Amino acid sequence: MSEQTSQPIHVEQQQGVATITFNRPSALNAINVPMAQALLQAVQQLTQDASVRCIVLRGEGRAFMAGGDLAALQANPEQAAQDLIAPLHMAVTLLASGNAPVIAQVQGAAAGAGLSLMLHADMVLAAEGTQFNMAYTKLGASCDVGASWTLPRLVGLRHALEIALLSEPLNTEQALRLGLINRVLPIADLPSAVTRLAKQLANGPTQAYGQIRRLMRVSFDQDLHTQLNAEAQAFLQCTRTADFSCGINAFFNKSPAAFSGK
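This structure is a prediction, so every number in the text was calculated from the model and none was measured.

(A) Spatial organisation of the packing of helix 3 (residues 77-97) against helix 9 (residues 206-218). In the contact formed by helix 3 and helix 9, the axes pass within 8 Å of each other and the chain directions differ by 120°. Facing helix 3, whose interface residues are Leu-95, Ala-96 and Ser-97, helix 9 presents Arg-213, Arg-214 and Arg-217. In terms of residue class, the contact of helix 3 with helix 9 is built from 2 nonpolar, 1 polar and 3 charged.

(B) The sheet that holds strand 7 (residues 123-127), seen in detail. Taken together, 6 strands build an open sheet; the order of strands is 1-2-3-5-7-9 and the sheet is mixed. Each having just a single partner strand, strand 1 (9-14) and strand 9 (183-185) make up the two edges of the open sheet. For this sheet, the mean angle separating the axes of adjacent strands, direction not counted, is 20°. As paired strands, strand 1 and strand 2 (residues 17-22) are joined by 6 bridges and run antiparallel to one another.

(C) Examining the environment of Phe-259 more closely. Within the secondary structure, Phe-259 is located in the segment after helix 11 (242-253). Among the residues examined, Phe-259 registers a relative accessible area of 24% and is labelled partly exposed. Measuring from C-alpha to C-alpha, the distance between Phe-259 and Ser-97 comes to 21 Å, with 162 residues separating the pair along the chain. Once residues within four sequence positions are removed from consideration, Phe-259 is found in contact with Arg-53, Asn-203, Gly-204, Pro-205, Asp-243, Cys-246 and Gly-247.

(D) Looking closely at the pattern of salt bridges. Under the defined criterion, the tally for this structure stands at 5 salt bridges. Asp-122 is paired through a salt bridge with Arg-217; the nearest N and O atoms lie 3.2 Å apart. Of the two residues, Asp-122 is situated in the loop between helix 4 (113-119) and strand 7 and Arg-217 in helix 9; the sequence distance between them amounts to 95 residues. Under the relative-accessibility criterion, Asp-122 is labelled partly exposed at 26%. Between Asp-221 and Arg-153 there is a salt bridge, with the nearest N and O atoms lying 2.9 Å from each other. Separated by 68 residues along the polypeptide, Asp-221 in the loop between helix 9 and helix 10 (224-239) and Arg-153 in helix 5 (residues 147-155) bring together distant segments of the chain. The exposure class of Asp-221 is exposed, given its relative accessible area of 56%. Here the residues in one salt-bridge network are Asp-122, Arg-213 and Arg-217, joined through shared partners.

(E) Layout of helix 8 (residues 190-202). Between its first and last C-alpha atoms helix 8 spans 18 Å; for 13 residues at 1.5 Å apiece the expected length is 18 Å, and the two agree. Taken together, the buried positions of helix 8 are occupied by Leu-190, Ala-193, Val-194, Leu-197, Ala-198, Leu-201 and Ala-202. The buried residues of helix 8 occupy an angular sector of 165° when the element is viewed end-on, so they sit on one face. Set apart from the buried face of helix 8 by more than 90 degrees, the exposed residues are Arg-196 and Gln-200. Looking at the packing, one finds that the buried side of helix 8 touches strand 2, strand 3 (54-59), strand 5 (102-106), strand 7, strand 9 and helix 9.

About the cut-offs
- Residues numbered from 1 in each chain as written.
- Predicted model: local features only at pLDDT ≥ 70, side-chain atom pairs only at ≥ 80, totals over all residues.
- Heavy atoms only, no water.
- Axes fitted to C-alpha atoms, helices over the stretch in contact; angles between N-to-C directions.
- Helix = DSSP H or I, 4+ residues; strand = E, 2+ residues; numbered from the N terminus.
- Contact = heavy atoms within 4.5 Å.
- Nonpolar A, V, L, I, M, F, W, Y, C, P; charged D, E, K, R; others polar.
- Pairing = 2+ DSSP bridges.
- Buried < 20%, exposed > 50% of the residue type's maximum accessible area, 1.4 Å probe, protein only.
- Salt bridge = Lys/Arg side-chain N within 4 Å of Asp/Glu carboxyl O.
- Expected span 1.5 Å × (residues − 1).
- Arc of directions from axis to C-beta.

Purely geometric numbers; function is a separate question.
Right, here's the structure in full:
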């Protein structure tokens, strides 16, 4: 099937893990409006599906995602930007608010919107030789897809400004040191490593994961007292789940917990 007749987003679900694949390999998965809309549709469906307990983002072919589709932006800059940004922003909002942890499987290049999407993942596994670039200022544009929110939280304000303003390429060693990614692997080992991690997370306490994800994301914007109250409420909600009972019983029985995600 040719890329022109295939879907820009491919979704596969297996044993609690949903894999979203960016599927424009001949364009290095540069995201256009149809892909952004398809991504939003996929995320809407997956975040409403209680059987999905981990989400993997990956790109088909040589790159994770080489930014936005510049041809559309050249033809009609303002309208194309609005049409592209709206579904992307809604998609990352849904990914951040759900319970399922998100893993990014990155190879080749993550640039512009691709890097911004990657930054929303809870964990990033990258292949050796991957290049990372904010790229926006090279086009005379500011960042989007939440990069101005995620990047300072990951690397600190000084590093974030350097990365965003200069738009210079970063290699995997630099990205690892700065905290943009979690692990670097040979490209041949990347898919299996992501699969193992995704299965581990999918077999974990999904409700607790969701509480932790949300607590971490709001912690920079709240004072200690507010955050402590939020933690207390989240913990109490966890005590009402089947996974909490399972974990407590497993502890006293000295056996592995078989979490159900409920």
